[in-house]
Amino acid sequence: MALLEDSSFESADQMAKALIKEVAEILQMRDWFALVHTWKDGHRGLNWAPFGNEAEAKSFADKMAIGGTGRLVKLYSPGVMLANAAGKKGWKGYCQHDECGHAPFTHSAATSARGACQVPTCPCPKFQAK
């Protein structure tokens with residue numbers, strides 16, 4: 001909404017470019033799913049992607065009637081992989097501790113390390129969602 005209400009754009013083209021860039025950055029951080037198929041005889045089958053979530057992929061698989069088996073594969077986005085390696089400050093769902101920025105699942109959920117980032121090079125002692 002901030003981009004749509006921003007009066008500093010000199011033209012509609014400028015605003016459209018800014019919106020496309022913003023959407024691309026958001027999609028860069030999104031994980032997708034693929035449906036991987038194997039025929040009954042064990043040979044590789046057909047693959048379908050991308051699906052926005054597991055439920056969408058499972059719903060598609062339920063409608064298919066070609067035989068064999070299928071499984072879901074999570075396709076990690078490049079943005080998520082980079083953010084998990086280096087931290088991406090300001091992205092919702094990432095630790096906002098000044099010395100961290102890694103995804104919530106990199107923080108320990110057990111024992112005395114509960115909340116601490118498990119990325120070996122990260123000094124963050126506790127997850128902070130802000």
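Our structure is the block above this text.
Please read these numbers as outputs of a predicted model, since none were measured by experiment.

A short note on the overall build of the protein
Then, number 1: A tally of helices and strands in the protein yields four helices and three strands.
Then, number 2: Secondary structure elements of the protein occur, N-terminal to C-terminal, as α-α-β-β-α-β-α.
Then, number 3: Counting over 130 residues, the protein shows a buried share of 25%.
Then, number 4: Taking the contacts inside the protein whose residues are at least 6 apart along the sequence as the reference set, 38% of them involve residues at least 24 apart.
Then, number 5: By element, 58% of the accessible surface of the protein is carried by carbon and sulfur atoms, the whole surface being about 9,200 Å².

Quick word on a nonpolar patch on the surface
Then, number 1: A cluster of nonpolar residues, Trp39, Leu46, Met64 and Ile66, forms a patch on the protein surface that exposes about 320 Å² of accessible area.
Then, number 2: Residue placement: leucine 46 occurs in strand E2 (residues 44-51).

A few points about the sheet that holds E2
Then, number 1: Pairing in this open sheet of three strands is antiparallel, and the strands run E2-E1-E3 from one edge to the other. Strands at the two margins of the open sheet, each flanked by one partner only, are E2 and strand E3 (69-75). On average, adjacent strands in this sheet sit at an angle of 20 degrees to one another, irrespective of strand direction.
Then, number 2: Examined bridge by bridge, strand E1 (residues 32-38) and E3 share seven bridges and lie antiparallel to one another. Of the residues in E3, the one forming a bridge with alanine 34 is valine 73.

A word on unusual backbone geometry
Then, number 1: Backbone torsion omega between alanine 49 and proline 50 reads -5 degrees, so that peptide bond is classified as cis.
Then, number 2: Looking at the element boundaries, proline 50 is found in strand E2.

Looking at the packing of aromatic side chains
Then, number 1: Applying the stated rule across the entire model yields two aromatic pairs.
Then, number 2: Considering the side-chain rings of phenylalanine 51 and phenylalanine 60, the 5.4 Å spacing of their centres and the 45 degrees angle between planes classify their relative orientation as tilted.
Then, number 3: Given a relative accessible area of 26%, phenylalanine 60 falls into the partly exposed group.

Here's the deal with the state of the cysteines
Then, number 1: A full pass over the atoms with the stated rule returns zero disulfides.
Then, number 2: You can see cysteine 117 has no disulfide; the closest cysteine sulfur is in cysteine 122, sitting 3.8 Å from it.
Then, number 3: For cysteine 117, a relative accessible area of 8% corresponds to the buried category.
Then, number 4: The cysteine cysteine 124 is free of any disulfide, with cysteine 95 supplying the nearest cysteine sulfur at 3.9 Å.
Then, number 5: Using a relative accessible area of 3% as the deciding quantity, one classes cysteine 124 as buried.

Things to note about the environment of alanine 16
Then, number 1: Within the secondary structure, alanine 16 is located in helix H2 (residues 12-28).
Then, number 2: Judged by its relative accessible area of 34%, alanine 16 is partly exposed.
Then, number 3: Along the backbone, alanine 16 and leucine 4 are twelve residues apart, and their C-alpha atoms lie at a distance of 9.3 Å.

What counts and what doesn't
Residues numbered from 1 in each chain as written. Predicted model: local features only at pLDDT ≥ 70, side-chain atom pairs only at ≥ 80, totals over all residues. Heavy atoms only, no water. Helix = DSSP H or I, 4+ residues; strand = E, 2+ residues; numbered from the N terminus. Buried < 20%, exposed > 50% of the residue type's maximum accessible area, 1.4 Å probe, protein only. Contact = heavy atoms within 4.5 Å. Areas by Shrake-Rupley, 256 points an atom, 1.4 Å probe, with all protein chains shown as cover. Patch = residues over 30% accessible without salt bridge, like charges linked within 9 Å, V, L, I, M, F, W, Y side chains within 5 Å. Salt bridge = Lys/Arg side-chain N within 4 Å of Asp/Glu carboxyl O. Pairing = 2+ DSSP bridges. Axes fitted to C-alpha atoms, helices over the stretch in contact; angles between N-to-C directions. Phe/Tyr/Trp six-rings, centres within 6.5 Å; stacked < 30°, edge-to-face > 60°. Disulfide = S-S within 2.5 Å.

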